Structures are given as C-alpha cells and as structure tokens.
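Report on the structure
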Amino acid sequence: MAWTNEDVSRQLAEIAALLRLRGEDPFKVRAYERAAGVIAATPVDLAELSPEEIARLKGIGRSSARRIDEYRRTGRIDMLERLRADVPAGVAELARVPGLGPKTARLLHAELGLSGLDDLRAALEQGRLRGLAGLGEKTEQNLRRALERMGAKDDDRVPAADALPVAEELCARLAALPAAGRVAYAGSLRRLRETVGDIDLLVASDQPAPVMAALRDDSLTVRVLAAGEKKTSVLTVRGLQADLRVVEPAAWGAALVYFTGSKAHNVRVRERAVRRGLTLNEYGLFDRVTGGRVAGRTEEEVYAALGMAFVPAPMREDAGEVQAAADGVLPDVVTAADVLGDLHGHTDWSGDGKASMQDMLGAARRRGDRYWAVTDHAENLVMNGLSRERMVAQRGAIERLRGGLSGLTVLHGAELNIGADGELDYDREFLLGFDFCVASVHTLMHRPREEQTRRIVAAMEHPAVNVIGHPVGRIIGRRPGYDIDVEVIVEAAARTGTALEVNASPRRLDLSGRMVRRAVEAGATVAISCDAHSLGDLGNRVYGVATAQRGWARAADVLNCRDVDGLRDFVAAKR
Ligand code: DGT
Ligand code: CA
Ligand code: CA
Ligand code: ZN
C-alpha cells in the first residue's frame with residue numbers, strides 16, 4: 001500500500017483531537033499531537049524506515065510508533081476507528097465553541113441530542129439548556145455570545161487555509177498539461193478572504209477539452225458536478241467545489257479580473273468602463289462603437305485601458321479602491337519583495353517547534369531573508385516555555401551558529417506571555433537583554449472586552465515589548481478570538497511604538513485585513529510574521545502580505561520592510 005508521511009500525520013492528529021474530546025490525559029493527547037507534528041516535518045519517507053528506526057525518531061513515543069507500524073501493516077489504526085465510533089461528529093463540532101468543554105459537549109449530545117452549532121443555536125433560543133445540570137444563565141449568555149463571535153451561519157464556507165493546498169495542487173497539475181497556458185486560482189481565494197465558498201480555477205488554452213478532462217479525472221476529484229463547454233465543476237477531496245473555466249489566451253486578463261471579483265468590485269469597474277464608452281466582460285474590454293477589443297490579454301492591460309492603476313487582487317472588495325485607482329491615489333501596497341526578514345519564529349528549543357534552530361535559520365537564509373528573530377516561547381507557557389537558563393543557553397547557541405549564516409542577522413528574542421493583567425515572563429532586566437520581543441495572549445481568552453483590551457495595552461506599555469503577536473487570537477473557522485476594542489489597541493500601538501502582528505498563518509490571518517486598515521490609518525506599524533513552527537510554515541509569508549494588502553498597508557507601515565538598522569532604531573526608540 002502506498003502511503004505518505006502526511007497520511008500518517010493526519011491519522012495521529014485525529015487521534016489526539018478525539019482523545020482530547022474524551023477528556024483524556026493531556027500528556028497522552030500531547031504525545032500524539034507531537035508525533036503528528038514530527039512526522040509532518042520529517043524529511044525522510046517513513047515508509048522506507050524500519051519500525052525500530054521509526055521508534056527512534058525524536059518526538060515519537062512508543063505508543064505512536066506502534067500505531068504507525070499498525071498503519072503500515074494494515075492500512076488502518078484500530079484505536080482511531082474505535083475513537084471515531086465513540087465520539088459523534090456533532091460532539092466535535094460543539095466542542096469547538098469557546099467556553100464549551102468536551103464534557104459539556106458530550107452532555108448536550110447525550111441529554112438533548114444536540115449535534116452541531118445549528119442545534120445548539122436552536123436549543124438556546126428555545127431555552128432548552130436551562131434545566132441541565134451545571135448550566136446556569138451565565139453559561140447560556142456566554143454561549144450565545146460565543147456563537148455570535150463565531151460568525152453568522154457559515155457552514156458551507158471553508159477556511160481559506162483548507163482550500164489553498166487543494167487549489168495549489170490542482171493548479172500545479174493543470175499547469176503541467178501540454179494544452180495549458182497560464183493557470184491561476186481566482187475568486188475569493190485569490191483575494192484571500194478568510195473563508196471561501198469554492199475554488200475558482202482559470203486556465204488559458206485554445207484546447208479546453210483536454211484541460212476539462214484532466215480535472216474530471218484528477219485524483220483529487222471525488223465527483224463531477226457539471227461538465228459544460230465553458231465550465232466544469234467538480235467536488236474535491238475536502239468537500240470543496242472547484243469550478244474550472246478555460247479561456248482563450250487573448251482574454252486571460254479580462255477573465256482573471258472577472259472571476260477574481262469581488263462582484264462588487266467588478267460592478268464598479270464596469271460602471272467606469274461604460275462611462276468611457278467601453279464594455280467590460282470576461283472576454284475583454286471592448287469599444288462600444290466599433291466592437292473592437294481594446295484590452296484583455298493581461299490584467300494590467302485592462303486596468304490601464306480604463307485609466308486606472310493596477311489593483312492587487314486582495315484589495316478588490318469595493319472598499320474605495322476603484323475610485324482611488326482612477327484618481328491615482330491608490331496606495332502602493334507592500335509586496336513580498338519588500339519584506340526583508342521575519343520577527344516571529346520558533347525552533348525545537350520550545351516544545352511546539354518542529355525544526356532545529358540551524359535548519360530554520362538556514363532555510364530563512366536560503367529564502368533570502370536578511371534577518372530572523374528566534375522567538376521561542378517564554379517560561380510562563382506551560383510545557384513549551386523556556387526557562388531563563390535555557391534562554392541563556394539558546395543565546396550561546398545562536399552565537400555559535402552565527403559564523404555559518406553569513407548575510408543573515410539573527411536576533412535573539414522571545415514570545416512572551418501576556419499575563420492576567422498584562423504582566424510578562426522573567427523580569428525587566430532580563431527582558432531588556434533580548435534583541436526583540438513578541439508578546440501574545442495564550443491564556444484567559446474569554447475575558448470581557450474591557451479587561452482583555454486593558455491587559456493587552458498594559459503589555460504594550462512595557463519597553464521590551466516590540467510587537468503584539470496574533471492580536472485577535474482567532475483560528476479561522478474554529479475559534480473566534482478574544483473580544484478586544486480594536487480602536488483602543490491600534491491607538492495604543494501607535495502611541496507606545498509597538499507593532500501589531502499580521503500573523504501569516506492562513507489559519508490565523510491575524511490581524512485581519514480590515515483591522516490592518518484601521519491600524520495603519522491610526523499610524524500604527526504592523527509586522528508580517530510567519531510565526532513559523534516548521535520549515536513549511538516559512539512559505540506562509542505570501543498570505544501575510546496578501547492580508548496586509550487587504551488592509552492597504554504600504555511597505556512604510558510594515559516593520560519588517562525596514563533594514564536591520566531601521567529595526568534596531570524602532571526597538572531603541574521604545575527603550
Ligand atoms: P465565494 O466563492 O463565495 O467565496 O466568493 P467568490 O467571490 O469567489 O464568488 P464566486 O465563486 O461566486 O464567483 C467568482 C467570481 O466570479 C466573483 O468574485 C465575481 C465573478 N462572478 C461570478 N458570478 C458573477 C455574476 O453573476 N456577476 C458578476 N458580475 N460577477 C460574477
Ligand atoms: Ca469562489
Ligand atoms: Ca465559483
Ligand atoms: Zn509564536
């Protein structure tokens with residue numbers, strides 16, 4: 001049987017999630033989580049190792065090794081099958097509501113037959129939770145609020161993070177076809193909305209048939225939904241629909257504008273075309289009198305022919321960008337090439353880092369970074385944090401690595417934990433010994449807005465805190481984030497000289513584009529950070545850049561677009 005490290009990693013991660021739901025020993029849960037992470041990051045193919053070699057891998061415990069071996073021999077893991085049978089899917093969904101632990105989720109399922117968010121919403125409305133053991137009015141209130149913050153009913157949308165790997169893989173496979181010219185994903189995914197309804201694929205080609213056929217036959221395709229001449233729709237592995245359109249190369253740019261959207265952006269752009277005696281559709285920009293095609297081959301050409309500056313895809317939300325592009329005042333937003341380094345990254349010195357410091361730094365250097373801040377977790381984080389002694393030892397280890405990393409400046413920092421009232425790890429003197437510090441909320445995520453806001457502002461007042469990590473704390477589609485007063489936070493960031501992170505993980509995108517816009521309007525600085533825990537995470541920067549673009553941030557607004565001296569000035573100014 002053919003299997004990949006990723007398959008195994010997914011199975012172990014699911015075991016961990018289900019064990020956690022059953023309220024089992026956190027160490028056991030953690031062991032499976034850790035094994036899943038280690039395997040995902042292991043460069044060698046597990047299928048080629050003997051059971052003994054697998055058991056010797058760092059971070060793989062004895063029981064994980066046994067499950068892996070079972071999977072290798074039989075293609076399934078009995079423990080996982082039993083867990084799946086034991087924990088209904090609806091319970092897993094309930095347990096994702098903040099403030100609703102595994103125990104309550106199981107209780108609601110057993111007593112009221114609830115399975116899923118819709119059931120919970122209805123039960124709350126009908127007051128059916130009231131009589132249940134241990135669930136007071138306060139709990140009801142909290143659950144209502146949590147559901148609200150998890151967003152409107154959004155069940156058929158998926159986090160962009162889930163769609164990206166599928167879209168990227170499909171694009172790569174389509175691009176390899178002899179019949180295919182340019183290939184891209186468009187729609188909300190290209191604009192990098194947090195969640196997407198489907199994947200919109202676009203291929204330039206004069207031979208649509210073989211391209212359409214390839215998608216229908218692709219191994220990621222589960223079912224063909226529609227196969228027309230202009231469009232093929234399929235259901236892919238993750239329950240995600242993908243729509244493929246094949247367009248002639250001369251219309252590529254017009255089609256890309258059209259199918260990237262948003263609809264509201266397109267409406268505005270078409271209005272402008274009409275006023276100029278032109279018609280814009282997915283086939284091109286046409287002269288209304290002669291019918292001749294004025295533009296269409298590239299997006300740049302289309303916008304230029306409309307007398308507009310090029311509008312980067314993430315900005316196309318009808319948020320003033322069309323007028324600004326026509327008036328020549330669209331901000332020159334940050335691009336990946338402007339970003340010179342990373343200010344938030346982890347190594348295996350902290351428990352959740354998957355790669356060694358040497359590997360992380362080497363990879364960052366090969367990617368062309370000029371600097372990289374090692375910011376492993378500080379001591380107050382249970383299990384993963386580094387004691388003072390370990391931090392000092394890490395500083396020594398960085399010194400020893402420096403010689404081999406010419407061209408890359410390594411900053412030694414930490415990701416501090418913002419305590420209940422904004423207090424931090426270690427002490428002032430020790431903190432000022434770091435080159436650069438991130439501070440993040442990792443605990444007490446459900447405090448009332450005013451307290452939560454005050455707490456983060458208090459951390460920003462500290463002279464050693466240079467950036468607030470994932471300021472909102474959301475995990476897209478799973479966790480709504482802390483309740484904070486964004487206006488107060490951005491004002492304090494500007495006032496104290498503290499940057500706000502744009503966490504580039506597609507699971508987070510935190511700050512959101514909208515909040516980035518408020519931050520830069522308030523004069524605050526943002527930092528686009530991968531918060532990498534593995535080598536693969538280093539590739540997330542593009543998503544952080546797209547999010548910053550959604551927020552109209554220019555390079556001048558972004559801390560890690562400064563050179564090392566500029567960065568050190570930013571740190572020094574606060575001290
Ligand atoms: P989604 O899929 O809900 O996350 O959002 P989008 O923006 O990807 O929307 P989708 O997939 O329905 O369509 C992709 C793009 O195609 C959309 O952003 C604009 C364009 N489009 C689709 N249908 C229409 C339409 O009826 N009128 C106009 N003007 N544009 C459309
Ligand atoms: Ca779409
Ligand atoms: Ca679509
Ligand atoms: Zn971090």
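Look a little higher up for the structure.
As the structure is a prediction and not an experimental result, all values here were calculated from the model.

Before going further, it helps to examine the side chain of histidine 470. For histidine 470, the position within the fold is in the loop between strand S15 (467-468) and helix H21 (486-496). Those residues in contact with histidine 470 that lie beyond four places of it in its chain are Glu415, Ser440, Val441, His442, Tyr482, Glu501, Asn503, Arg508, Asp510 and Asp531.

In this section: the coordination of the calcium ion (ligand 3). For the calcium ion (ligand 3), the protein coordination sphere consists of Asp198 (OD), Asp198 (OD), Asp200 (OD) and Asp243 (OD), at 2.2 to 3.1 Å. For the calcium ion (ligand 3), the single-chain donor residues occur in sequence as D-x1-D-x42-D. Here the calcium ion (ligand 3) and the calcium ion (ligand 2) are spaced 3.7 Å apart, with aspartate 198 acting as a shared donor. For the pair aspartate 198 and aspartate 200, one class covers both residues: buried.

On to the pairing of strand S9 (residues 284-287). As defined by bridge partners, strand S8 (residues 278-281) adjoins S9 across four bridges and the pair is classed as antiparallel. Of the residues in S9, the one forming a bridge with leucine 278 is aspartate 287. Between S8 and S9, which pair antiparallel one after the other, the connecting turn spans two residues. Relative to strand S10 (residues 293-295), S9 runs antiparallel, the two being bridged by two bridges. Paired with phenylalanine 286 across the strands is arginine 293, a residue of S10.

Moving on: the pattern of salt bridges. Under the defined criterion, the tally for this structure stands at 40 salt bridges. A salt bridge links lysine 58 to aspartate 348, with the nearest nitrogen and oxygen atoms 3.8 Å apart. Of this pair, lysine 58 sits in the loop between helix H3 (51-56) and helix H4 (62-74) while aspartate 348 is found in the loop between strand S11 (341-345) and helix H17 (357-366), placing the two residues 290 residues apart along the sequence. On the accessibility criterion, lysine 58 (62% relative accessible area) is exposed.

A few words on the sheet that holds strand S4 (residues 199-204). Spatial ordering of the open sheet is given by S2-S4-S7-S6-S5, a layout of five strands whose pairing is mixed. In the strand order of this sheet, the two ends are held by strand S2 (183-185) and strand S5 (221-227), each with one partner. Going across the sheet, the axis of each strand differs from the next one's by a mean of 20 degrees, ignoring polarity. The pairing of S4 with strand S7 (residues 241-247) spans six bridges and is parallel.

Right, let's get into the coordination of the zinc ion (ligand 4). Within the protein, His344 (NE2), His346 (NE2), Glu415 (OE) and Asp531 (OD) serve as the donor atoms for the zinc ion (ligand 4), at 2.1 to 2.3 Å. Positions of the donor residues of the zinc ion (ligand 4), expressed as sequence spacing, correspond to H-x1-H-x68-E-x115-D. Here glutamate 415 lies in strand S13 (residues 409-417) and histidine 346 lies in the loop between S11 and H17, a separation of 69 residues in the sequence. The pair formed by histidine 346 and glutamate 415 is uniform in burial state, with each residue classed as buried.

Bringing the nonpolar core into the picture now. Counting residues in each nonpolar core, the largest one holds 64 residues, and the members touching the most others are Leu361, Leu416 and Tyr426. Setting aside its immediate chain neighbours within four residues, leucine 416 contacts Ala378, Leu424, Asp425, Tyr426, Leu431, Cys437, Val438, Ala439, Ser440, His442 and Val465. If you look at the next biggest cluster of nonpolar residues, it comprises 44 residues, including Leu12, Leu46, Leu120 and Leu143.

The subject of this paragraph is the sheet that holds S15. In a beta sheet, neighbouring strands are held together by backbone hydrogen bonds and run either parallel or antiparallel to one another. Strand order in this open sheet of seven strands is S11-S12-S13-S14-S15-S16-S17, and the pairing throughout is parallel. Every other strand in the sheet has two partners, leaving S11 and strand S17 (526-529) as the edge strands with one partner each. Of the strand pairs in this sheet, S13 and strand S14 (residues 436-440) are connected by five bridges, and their pairing is parallel. Across the sheet, leucine 416 pairs through a bridge with alanine 439, a residue of S14. Along the sheet face, helix H18 (residues 388-402) touches strand S12 (371-377) and S13 and points at about 160 degrees away from the line of S13. Helix-sheet contacts for helix H24 (residues 564-574) involve S11, S12, S13, S14 and strand S16 (499-503), and the interaxial angle to S13 is about 35 degrees.

Calculation notes
- Residues numbered from 1 in each chain as written.
- Chains lettered and ligands numbered in written order.
- Predicted model: local features only at pLDDT ≥ 70, side-chain atom pairs only at ≥ 80, totals over all residues.
- Heavy atoms only, no water.
- Helix = DSSP H or I, 4+ residues; strand = E, 2+ residues; numbered from the N terminus.
- Contact = heavy atoms within 4.5 Å.
- Donors = N, O, S within 2.8 Å, 3.2 Å for Na, K, Ca; no water.
- Buried < 20%, exposed > 50% of the residue type's maximum accessible area, 1.4 Å probe, protein only.
- Pairing = 2+ DSSP bridges.
- Salt bridge = Lys/Arg side-chain N within 4 Å of Asp/Glu carboxyl O.
- Axes fitted to C-alpha atoms, helices over the stretch in contact; angles between N-to-C directions.
- Core = buried A, V, L, I, M, F, W, Y, C linked by side-chain atoms within 4.5 Å.

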